[in-house]
Amino acid sequence: IDLDGVLFGKDVARPFKKPFMIMLAEKTWKNWKEGIREQEKKDFDEAFSQNLASDNFSEFCKQLGDKAHLVTIKQARHGDFSDVPFLQNILAVQNLFSSKSEMRESLCIGDLEPYRIVSITNDYIVWFFDKYLKGKDRKFPEYSEVIVER
């Protein structure tokens, strides 16, 4: 399971047989792809850009077949996969940021409520482990905030 991570190295291009799920934060990867294009215009390190599977996760998952799952959470950002969303109310009280949007931007968190993002993330992770480690035939989770490619 990869939580909003980047895949590096030449081995990424080789398909592997083990079950794999990547959960992406929609807002993070939209911003990341725009940034990569800018960097490439500035002669970005070729070794990095050539060995990075993250620019096209859909194609990467298709190589892996039916044991690969690409889950993108709408309105989420990288920080949503941590405890940071739960700190936003504490930080807001301390007036460290001029606005809620500035705080969310600085903390790299999206628009979903903290408990909602945790519920979504946990449900997919438990499903994955139940299926591939415990052999349980559990229904694949469905959320309106999620885009799934399998």
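Relevant structure appears above.
Notes on the structure in this doc start here. Bear in mind the structure is a predicted one, so any value in this text is a computation, not a measurement. (Residues numbered from 1 in each chain as written. Predicted model: local features only at pLDDT ≥ 70, side-chain atom pairs only at ≥ 80, totals over all residues. Heavy atoms only, no water.)

1. Overview of the environment of Thr72
When you line up the elements, Thr72 lands in strand E3 (residues 68-73). Residue class for Thr72 comes out buried when judged on its relative accessible area of 14%. In this structure the C-alpha to C-alpha distance between Thr72 and Val146, which are 74 residues apart in sequence, comes to 5.6 Å. Apart from residues lying up to four places away in sequence, Thr72 is in contact with Leu24, Glu26, Glu145, Val146 and Ile147. (Helix = DSSP H or I, 4+ residues; strand = E, 2+ residues; numbered from the N terminus. Buried < 20%, exposed > 50% of the residue type's maximum accessible area, 1.4 Å probe, protein only. Contact = heavy atoms within 4.5 Å.)

2. What about the pairing of E3?
Across the six residues that make up E3, a large majority, six, are buried. When E3 meets strand E4 (residues 146-149), the two strands line up antiparallel, connected through four bridges. Of the residues in E4, the one forming a bridge with Ile73 is Val146. (Pairing = 2+ DSSP bridges.)

3. Some points on the sheet that holds E3
Sheet architecture is open: four strands sit in the order E1-E2-E3-E4, paired in mixed fashion. Of all strands in the sheet, those bounded by a partner on one side alone are strand E1 (2-3) and E4. Packed on one face of the sheet, helix H3 (residues 57-64) meets strand E2 (20-25), E3 and E4 and runs near 155° to E3. Of the strands in this sheet, E1, E2, E3 and E4 touch helix H6 (residues 114-132), which is tilted by about 170° from E2. (Axes fitted to C-alpha atoms, helices over the stretch in contact; angles between N-to-C directions.)

4. Quick notes on the environment of Phe128
Within the fold, Phe128 resides in helix H6. Sequence separation between Phe128 and Phe140 is 12 residues, and the spatial gap between their C-alpha atoms is 8.7 Å. In contact with Phe128, other than residues within four places in its own chain, are Ile1, Pro19, Phe20, Met21, His69 and Leu133.

5. Side note on the pattern of salt bridges
The full count for this structure, using the stated rule, is six salt bridges. Here Arg77 and Glu105 are joined by a salt bridge, their closest N and O atoms 3.3 Å apart. Here Glu105 lies in helix H5 (residues 100-107) and Arg77 lies in the loop between E3 and helix H4 (88-93), a separation of 28 residues in the sequence. Residues participating in the shared-partner salt-bridge network are Asp123, Asp130, Lys134 and Arg138. (Salt bridge = Lys/Arg side-chain N within 4 Å of Asp/Glu carboxyl O.)

6. Some points on unusual backbone geometry
Of note in the backbone geometry, Gln75 takes a positive phi value of approximately 65° without being a glycine. Turning to its location among the elements, Gln75 is positioned in the loop between E3 and H4. Judged by its relative accessible area of 35%, Gln75 falls in the partly exposed class. At Cys108, a residue that is not glycine, the phi angle is positive and equals roughly 60°.

These results come straight from atomic positions and should not be treated as a statement about function.
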